[in-house]
Amino acid sequence: MANYYTQFSTVLDVGGRADEAMAVVDRMRAELDADPENGAVSEAAFDCITILAQDDKIWLHSDENGSAEDAAAIILAIGKELGLKGAHSFEWANTASRPLLDAFGGGAVRVDFDAQSFSLAGSSWIMEAMAHPEFEETIRALIDEVNAAKEKSASPSP
């Protein structure tokens, strides 16, 4: 039997306020312990995501089964408390301990501190894109462009 993994690693710059950021994490953990049904993250979030303070940054990572959505919620909470501006993004990977047809994928997360929201885009976008008739034509045009650039760079200059 295979083991399935969701892995990510991201560093959030908190501008020298790592202690304050970790206090937000501790508060979220306490709120989850007090009321697991109404927490901002899933019950397994703090068991599956490692969160470490390093100087002026916070490092969030998952070796096995972390939730990118939970990580985004934690990052958003830190950003809200510290008044961070702009956005933060990271990628995640879905993998397995052995080759399987349905085990590999991933996606990206964008946390928008200004809008106080986050969005996730998983690997299902490729299936949605392939459903559009112009998809194949667009891919072929991109491949032709790449091949033309390779040929141009490979030919000797006069």
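Above this note sits the structure.
Note on numbering: residues in each chain are counted from 1, in written sequence order. pLDDT decides what is reported in this predicted model: residues at 70 or higher carry local features, side-chain atom pairs at 80 or more are listed and counted, and totals for whole chains, interfaces and linings draw on all residues regardless. Heavy atoms from the whole structure form the basis of all side-chain values; hydrogens and water molecules are not counted.

Caption draft 1: Spotlight on helix α3 (residues 68–82). For α3, which comprises 15 residues, the first-to-last C-alpha distance of 21 Å matches the rise-based estimate of 21 Å (1.5 Å per residue) to within 8%. For α3, the complete set of buried residues consists of Ala68, Asp70, Ala71, Ala72, Ala73, Ile74, Ile75, Leu76, Ile78, Gly79 and Leu82. The term polar contact refers here to a pair of N or O atoms within 3.5 Å; inside protein, the definition further demands a hydrogen-donor-capable atom paired with an acceptor-capable atom, and it admits residues adjacent in sequence only when both atoms are side-chain atoms. Strands here mean DSSP runs of E at least two residues long; helices mean DSSP runs of H or I at least four residues long; both are numbered from the N terminus. Sitting at the amino-terminal end of α3 is Ser67, which places a side-chain oxygen 3.3 Å from the backbone nitrogen of Glu69. Take the residue count of a helix, subtract one, and multiply by 1.5 Å to get its expected span. Three labels apply to residues, based on accessible area from a 1.4 Å probe with only protein chains included: buried if under 20% of the type maximum, exposed if over 50%, partly exposed otherwise in between.

Caption draft 2: Geometry of the packing of aromatic side chains. Aromatic pairing here means that ring centres of Phe, Tyr or Trp (its six-membered ring) are within 6.5 Å. Orientation follows from the plane angle: under 30 degrees is stacked, over 60 is edge-to-face, and everything else is tilted. Applying the stated criterion across every chain, the model contains one aromatic pair. Geometrically, the ring pair formed by Phe8 and Phe90 is tilted, given 5.5 Å between the ring centres and 45 degrees between the ring planes. Highlighted residues: Phe8 in strand β1 (residues 4–13) and Phe90 in strand β4 (residues 87–96), separated in sequence by 82 residues. For Phe90, a relative accessible area of 5% puts it in the buried group.

Caption draft 3: Examining the pairing of strand β5 (residues 105–112) more closely. Pairing between strands requires that DSSP locate at least two bridges from one strand to the other. Of the strand pairs in this sheet, β4 and β5 are connected by eight bridges, and their pairing is antiparallel. For Ser89, the partnering residue across the bridge sits in β5 and is Arg110. Here β5 runs beside strand β6 (residues 117–122); their pairing, made up of six bridges, is antiparallel. Paired with Gly107 across the bridge in β6 is Gly122.

Caption draft 4: Representation of the sheet that holds β6 in the model. Taken together, the six strands give an open sheet; going across it, the order is β2-β3-β1-β4-β5-β6, and neighbouring strands pair in antiparallel fashion. Every other strand in the sheet has two partners, leaving β2 (50–54) and β6 as the edge strands with one partner each. Along the sheet, successive strands turn relative to each other by an average axial angle of 15 degrees, direction set aside. This element, helix α1 (residues 18–34), spans β2 and β3 (57–62) of the sheet and lies at about 160 degrees to β2. Sitting on the sheet, α3 touches β1, β2, β3, β4, β5 and β6, and the angle it makes with β6 is about 155 degrees. All axes are obtained by fitting lines to C-alpha atoms, using only the stretch in contact for helices, and the reported angles, taken between N-to-C directions, cover 0 to 180 degrees. The contact definition used throughout considers only heavy atoms, calling two residues in contact when any of these lie within 4.5 Å.

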